[in-house]
Amino acid sequence: MLSELLAGAIADAAERRVNRPYSEVEAAALTRSPALDALRALAPAERVKVIAEVKRASPSRGPLADIRDPAALAVSYETGGASAISVLTEGRRFAGSLSDLEQVRSAVSIPVLRKDFIGDPYQVLEARAAGADLVLLIVAALDQDRLQALNELIGELGMTALVETHSADEVTRALDIGAALVGVNARNLSTFELDQDLFGSLADQIPAGVIRVAESAVKNAADVAHYRAAGADVVLVGEALVTSDPVRTLSEFLVV
């Protein structure tokens, strides 16, 4: 599944590049207003922080929410206390787009993450041109040289990489490239099965000074508390917010 998603995302980026050449996207990225400081926004605090996700669908669940106005949803997330907004821009299985990201960026004052299957520098430039402050890098999808090169480009553009891991070896690889924001995804991207205890088994491997993000398998405040007790500084939440009253749900999560 992960290989299929990555290949599809890169193919779609190649199609966009036909109509919007690399040089044009690069110029747009370089002239964009500076990215927001995501590390400061997500820095460890007395209570857990939340990255709230704009997510219409997923391969495992299919359609989740008919989000006709992603900007309005993002505003409700910011109002509810989210520290950053994640926008799924993958179109084939998640029904997202760069347009969603652009709309969200124009509507909120907190950092915005481009969540997609990133494997080409063009996609990183697209992210900055659209206003992203963070870009997701999935360790399992990339060899180490490509992971490092994309991370360096993200940094050169003033953004922050959220480096996603699923195993002890992947955490080591993330730390080897100097990742300051490391996520542990409870969802196996090959089988799409969930293991909520994976974060806890890897958290101690992530040193002090690196922000720990727990991803997936969050349905309620008890799940947030589970991750917080295991050492999470931040939780990334999508489905539980788009299928509920987001402000009320965030208020429940943010007391943990």
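What counts and how
Residues numbered from 1 in each chain as written. Predicted model: local features only at pLDDT ≥ 70, side-chain atom pairs only at ≥ 80, totals over all residues. Heavy atoms only, no water. Buried < 20%, exposed > 50% of the residue type's maximum accessible area, 1.4 Å probe, protein only. Helix = DSSP H or I, 4+ residues; strand = E, 2+ residues; numbered from the N terminus. Contact = heavy atoms within 4.5 Å. Phe/Tyr/Trp six-rings, centres within 6.5 Å; stacked < 30°, edge-to-face > 60°. Axes fitted to C-alpha atoms, helices over the stretch in contact; angles between N-to-C directions. Left-handed = near helix turned anticlockwise from the far one by under 90°. Nonpolar A, V, L, I, M, F, W, Y, C, P; charged D, E, K, R; others polar.

Undergrad: Is there a simple way to explain helix α4 (residues 70-80) in this structure?
TA: It helps to recall that an α-helix has 3.6 residues per turn; residues three or four apart then point in one direction. Residues of α4 that are buried include every one of Pro70, Ala71, Leu73, Ala74, Ser76, Tyr77 and Gly80, and no others. Among the structural elements, β1 (49-54), β4 (84-88), α5 (98-107), α11 (239-242) and α12 (246-253) are those in contact with the buried residues of α4. Gly81 occupies a position one or two residues after α4 and carries a positive phi of about 110 degrees.

Undergrad: Honestly, the packing of aromatic side chains in this entry has me stumped. Any pointers?
TA: Pairs of aromatic rings are described using the distance from one ring centre to the other and the angle between the two planes. In this structure the tally under the stated criterion is 3 aromatic pairs. Relative to Tyr122, the ring of Tyr22 has its centre 6.3 Å away and its plane inclined at 40 degrees; by these criteria the two rings are tilted. Of the two residues, Tyr22 sits in helix α2 (residues 22-31) while Tyr122 sits in helix α6 (residues 121-129), which places them 100 residues apart along the sequence. Tyr22 sits in the partly exposed class, given a relative accessible area of 27%. With relative accessibility at 2%, the residue Tyr122 sits in the buried group. Seen from their ring centres, Phe94 and Phe117 are 6.0 Å apart, and the 35 degrees between their planes marks the pair as tilted. Linking Phe94 in the loop between β4 and α5 with Phe117 in the loop between β5 (112-115) and α6, this pair joins segments that are 23 residues apart in sequence. Overall, the relative accessible area of 7% leaves Phe117 in the buried class.

Undergrad: Sorry, what's going on with the packing of α4 against α12 here?
TA: The relative placement of two packed helices comes down to the angle between their axes together with the axis-to-axis distance. Their axes nearest at 9 Å, the elements α4 and α12 cross at an angle of 30 degrees. For the element pair α4 and α12, the recorded crossing hand is right-handed. Contacts between α4 and α12 involve Leu73, Ser76, Tyr77 and Gly80 on the former and, on the latter, Pro246, Val247 and Leu250. Looking at side-chain class alone, the contact of α4 with α12 contains 5 nonpolar, 2 polar and no charged residues.

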